[in-house]
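# Structure assessment
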Amino acid sequence: RKEVEQDPGPFNVPEGATVAFNCTYSNSASQSFFWYRQDCRKEPKLLMSVYSSGNEDGRFTAQLNRASQYISLLIRDSKLSDSATYLCVVFGDEKLTFGTGTRLTIIP
Amino acid sequence: DTAVSQTPKYLVTQMGNDKSIKCEQNLGHDTMYWYKQDSKKFLKIMFSYNNKELIINETVPNRFSPKSPDKAHLNLHINSLELGDSAVYFCASSRGGSQYFGPGTRLTVL
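A brief structural summary.

Reading guide: rules and limits
Throughout, residues of each chain are indexed from 1 in the direction in which the sequence is written. Here every chain gets a letter starting at A, and every ligand a number starting at 1, in the order they are written. In view of the model being predicted, local features appear only for residues whose pLDDT reaches at least 70, and side-chain atom pairs are presented and counted only at 80 or more, with totals across whole chains, interfaces and linings using the full set of residues. Hydrogens and water molecules were not included; the side-chain quantities draw on all heavy atoms of the structure. Only the six-membered ring of Trp is used, alongside the rings of Phe and Tyr, when aromatic pairs are assigned; centres must lie within 6.5 Å, and planes under 30 degrees apart are stacked while those over 60 apart are edge-to-face, with the rest tilted. Every helix listed is a DSSP run of H or I at least four residues long, and every strand listed is a run of E at least two residues long, numbered separately from the N terminus. Buried residues are those whose accessible area, probed at 1.4 Å on protein chains only, stays under 20% of the maximum for their type, while exposed residues exceed 50% and partly exposed ones sit between those limits. Side-chain atoms within 4.5 Å link the members of a nonpolar core, which is a set of buried Ala, Val, Leu, Ile, Met, Phe, Trp, Tyr and Cys residues. Pairing between two strands is assigned when DSSP locates at least 2 bridges connecting them. All axes are obtained by fitting lines to C-alpha atoms, using only the stretch in contact for helices, and the reported angles, taken between N-to-C directions, cover 0 to 180 degrees.

Evaluated as defined, the whole model comprises 13 aromatic pairs over all chains. With a centroid separation of 5.9 Å and 80° between ring planes, the pair formed by F98 of chain A and F101 of chain B is classed as edge-to-face. Within this pair, whereas F98 of chain A is found in strand 10 (residues 95-98), its partner F101 of chain B is found in strand 10 (residues 99-101), the two belonging to separate chains. For the pair shown, F98 of chain A and F101 of chain B are each scored as buried.

Let's shift gears to the nonpolar core. Counting 22 residues, the largest nonpolar core has F21, W35, I71, L73, I75, Y86 and L104 of chain A as its most contacted members. When residues of this core are traced back to their parent elements, those giving at least two are strand 3 (19-25), strand 4 (32-38), strand 5 (44-50), strand 7 (60-65), strand 8 (70-75), strand 9 (84-92) and strand 11 (102-107) of chain A.

With that settled, consider the sheet that holds strand 7 (residues 64-70) of chain B. Residues and elements named next belong to chain B. The strand order 1-3-8-7 describes an open sheet built from four strands, whose pairing is antiparallel. Both edges of this open sheet fall to strand 1 (4-7) and strand 7, since each of them pairs with a single strand only. Adjacent strand axes in the sheet meet at a mean angle of 20°, parallel and antiparallel pairs treated alike. Summarising the sheet, strand 3 (residues 19-25) and strand 8 (residues 73-78) pair through four bridges and their orientation is antiparallel. What sits directly across from S20, in strand 8, is H77.

Set out below in structure tokens:
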């Protein structure tokens, strides 16, 4: 079983739609959780941290369920500029472990 | 004002050659990393250094040797390059959990 699992997609959604990504992780001792975004041929960039209480940043909402070892990301009112690969990332044992990423394309 | 920089951006070389990639960060972070992203886009950690000391070595072949002359620099030297080494190599730095990545070095071994 992979340490961090994500549906690779691709997800093709119309502009303005709401889209949700999910991720599961295997190490119950993991300490911190993040969503990163990677544009084509660019480096990954931190999108947001993820907390059990849930957190929101504009159109983006992230949620962590430690009991189920499950992380989610919700994007509302999607924009063309949201097209990218979204990486679920878990920090533990002094390192980040990345999921394989979910590719999102927003269609005009 | 680039936070994490890498050189070169592109590297094309023959099998069997030795090459180096340099990384510098001006964020004052204590920890630096090397990652490899393969053709399937899977990003995997290779090495981690904290204050010039190696703390993670993820079963990377001995042909790969990182060197940290000071905590702002982490270079990667690769001996006897193989076809399977072709990938994008990202340097990153952090203080705490979130990391900042360099722009990547696209290595192609012919």
